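What the coordinates show
Read off the chains here:
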Amino acid sequence: MAESGAVPRNGAIVSGNAENLGYAVAAELCRCGKTVVLLDDDPDALPAFAARVREKGGDILPLTVDFASAESVRDAAAAAIDHLGVPRFVLHNAAVRTEHPMADWQFEPWKREVDVVLQAAFVLSRAVWPLLLDAGAGSLLYVSPGSAVAGFRDDAAYGPAKHGQEGLMKVLALEGRERNIAVNSITPGVPVDGPLAHTYSDAQRRVMVKPHVLAPAFRFLGEIDASFSTGNRLNAYQMAQVLAVGSGSGASVAW
Amino acid sequence: MASIDDSVVFLTGAAEGLGGEIARELGRAGKRLALFDVQEEKLQAVAEELATVTEVLPLVVDLADAAATEQAVQSALRHYGTPRALIHDAAVLKEVAMTDVSFDNWRREVDVTLQAAFILSRAVWPGMVAARKGSILYVSSGSALKGFVKETAYTPAKHAQEGLMRVLELEGREFNIAVNTITTGAPIDTPMSASHYTEEMKIGMVHPSRLAPAFVFLSGIDASFATGQRFNAFQMSEAMRSAAT
């Protein structure tokens, strides 16, 4: 999968820590020697996490972002590109999800939730897109839960936003194909033992996994291009399980 | 249980094209209308034409402007009360590659489709809930399910609108509110299609008035008839026409 005539690119942009997945993916990428720029909106957790990664030798730059602000996302993307050069892998995982019946939604909170997912996906992708096309290889990945393809009650912001993000993926997959840019979405494929675990049913809790179990799938997909997969909705758990079997490790490493 | 005037319909994108024909068909069917569009002259022309057969409240509004959209729908609610149906037809489609699309244009296209759908639906929802009936209909597209090159805003917006329908149809069930989407089902000769269709896509093109009967019918349904569906306006209208002869 080497890009012809180009210096191999090692940089990754990871946005957001929904389901605690973003940090787990960033840690995995660093563990595997990638240079990571991690965008998140938590001004306390983010630097603390970055410090722990650096202690283990990881190369990570944390950037605090307001994902609902196009300007903030644009500035962060510019800073990331300045730090990395052309990224090889861009993962958009930022999301906020609150549940309200339609009658209880107020416009500003609704808009904020939609913008954190969909507007931020667009702004981040728009920033890196010309660079990826020019480089002739790269991987752009959007986290896509069930709300991206089905309806759920009280989901009038998050659901449409994730559906919209899925649509953006489909368009960019087509536009990026001839330049070998992989654009996909990815569903966790399994309940994630993260901030939403307290909402799970007993059945879901029995099968839930820690975020780091899924991280190898993201690391793998950070190195693909369109010749492997583009325009698809991938399954992180299935991919991570196959990778674990293939590597003989049997289990992922939490860094 | 509160009551709704079964003759009242709110319709966006009414100034021309498919929306204009839907407005005419609704007017001929005796519906009292609130018509929303940004194109003032064309909207006024449609309103004047329909004023001879029904009551029309034209509302010139930029549906990409959240505050203006909220103000307009509240005006319509004050005038008519809760409508029997909300039909969101307004949309903007500019074919621009991701390398060339500006944020402002992207934002505008998404807001006219998704943001306006939310604001309008949110405004009519409590009245429909109280009345235990109502019909909300979003005009959809192949772009709501598939990707197309250069539809960097339109495809995400239509996908998102489809997602909103999928959420609201679940929530509306217990209140008998029908929430559906509807595709044209056939290429239609409108200003939007003139700038968008290839020659191949124009094969079989029909006048948008051929699709309008379906909208009149669906403006009178509730969840007990159908909800969460993706209707085909051409097939439905042709079937209705055939059944009537």
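These notes cover the structure that comes with them. (Residues numbered from 1 in each chain as written. Chains lettered and ligands numbered in written order. Predicted model: local features only at pLDDT ≥ 70, side-chain atom pairs only at ≥ 80, totals over all residues.)

1. Some thoughts on the overall build of chain A
For clarity, the threshold we go by: Only DSSP runs of H or I covering at least 4 residues are called helices, and only runs of E covering at least 2 are called strands; the numbering of each starts at the N terminus. What the globule rule says is 2.2 Å times the number of residues to the power 0.38, and the radius of gyration is computed from C-alpha atoms. Backbone-placed C-beta atoms define the burial measure: a residue is buried with 20 or more other C-beta atoms within 10 Å of its own, exposed with 12 or fewer, and partly exposed in between. C-beta atoms are placed from the backbone for every residue, and two residues are taken to be in contact when these atoms lie within 7 Å.
Along the backbone of chain A there are eight helices and seven strands. Computed over the C-alpha atoms, the radius of gyration of chain A is 17 Å, within 12% of the 18 Å expected from 2.2 N^0.38 for a compact globule of 255 residues. Buried positions account for 53% of the 255 residues belonging to chain A. Sequence-distant contacts in chain A: of pairs separated by 6 or more residues, those separated by 24 or more amount to 71%.

2. Notes on the nonpolar core
Here is a general trend for soluble globular proteins: nonpolar side chains tend to be buried in one another's company. Condition: The term nonpolar core refers to a set of buried Ala, Val, Leu, Ile, Met, Phe, Trp, Tyr and Cys residues connected through C-beta atoms within 7 Å.
Counting 159 residues, the largest nonpolar core has A26 and V117 of chain A together with L11, L35 and F36 of chain B as the members making the most contacts within it. Each residue touching L11 of chain B, except ones within four places of it in the same chain, is listed here: G19, I22, A23, L26, L33, L35, F36, I87 and D89 of chain B.

3. Notes on the sheet that holds strand β6 (residues 177–183) of chain B
Residues and elements named next belong to chain B. How we decide: Criterion used throughout: strands pair if DSSP finds at least two bridges between them. Note on geometry: axes are C-alpha line fits, over the in-contact stretch for helices, and angles between N-to-C directions span 0 to 180 degrees.
Spatially, β3-β2-β1-β4-β5-β6-β7 is the arrangement adopted by the seven strands of the open sheet, whose pairing is parallel. Each edge of the open sheet carries a strand with a single partner, namely β3 (56–60) and β7 (230–232). Neighbouring strand axes in the sheet, compared pairwise and without regard to direction, differ in orientation by 20° on average. Pairing of strand β2 (residues 32–37) with β3, which is carried by five bridges, proceeds in the parallel orientation.

4. Digging into the pairing of strand β6 (residues 181–187) of chain A
Residue and element names in this part refer to chain A. Cut-off, in case you're wondering: Every crossover in which the path from the first strand over the helix to the second runs clockwise, viewed with the strands pointing away from the viewer, is termed right-handed.
Of all seven residues in β6, six are buried, a share of seventy percent or more. Handedness of the β-α-β unit built from strand β5 (residues 138–143), helix α5 (residues 158–176) and β6 comes out right-handed. Where β6 and strand β7 (residues 233–235) come together, three bridges link them in parallel fashion. The residue of β7 that forms the bridge with T187 is N235.

5. Details of the sheet that holds β6 of chain A
All names here are of chain A. Taken in spatial order, the seven strands make up an open sheet running β3-β2-β1-β4-β5-β6-β7, and their pairing is parallel. Each end of this open sheet is capped by a strand with a single partner; those strands are β3 (59–64) and β7. On average, each strand axis in the sheet is tilted by 20° relative to the strand beside it, whichever way the strands run. Bridge analysis of strand β1 (residues 11–15) against strand β4 (residues 89–92) gives four bridges, and the strand direction is parallel. Each residue of the ladder has a partner; that of S15, found in β4, is H92. Strand contacts of helix α2 (residues 45–55): β2 (35–40) and β3, with the helix running at about 175° to β3, the strand carrying the most contacts.

6. A look at the interface of chain B and chain A
It is common to give the size of an interface as the accessible area that goes away when the parts come together. This is how the line gets drawn: Amino acids outside the nonpolar list (Ala, Val, Leu, Ile, Met, Phe, Trp, Tyr, Cys, Pro) and the charged list (Asp, Glu, Lys, Arg) are all regarded as polar, and Gly is one of them.
Every contact between the two is made by 34 residues of chain B and, on the other side, 35 residues of chain A. Only α4 (103–131) and α5 (154–172) of chain B provide two or more residues apiece to the side of chain B that touches chain A. Here the element with the most residues in the side of chain B that touches chain A is α5 of chain B; it accounts for 15 residues. Classifying every residue of the side of chain B that touches chain A gives 20 nonpolar, six polar and eight charged.

7. Let's talk about the packing of helix α1 (residues 21–31) of chain A against helix α7 (residues 211–221) of chain A
Residues and elements named next belong to chain A. Condition: When describing relative orientation, an angle under 35 degrees is termed roughly parallel and one over 145 degrees roughly antiparallel, while 65 to 115 degrees is termed roughly perpendicular and anything else oblique. Each helix crossing is assigned a hand: it is left-handed if the near helix lies turned anticlockwise from the far helix by less than a right angle, otherwise right-handed if that turn is clockwise.
At their nearest, the axes of α1 and α7 sit 8 Å apart, and the two run at 55° to each other. Our classification of the angle between α1 and α7 gives oblique. As for how α1 packs across α7, the hand of that crossing is right-handed. Residue-level inspection shows L21, A24, V25, E28 and L29 of α1 in contact with α7, the latter providing P211, H212, L214, A215, P216, F218 and R219.

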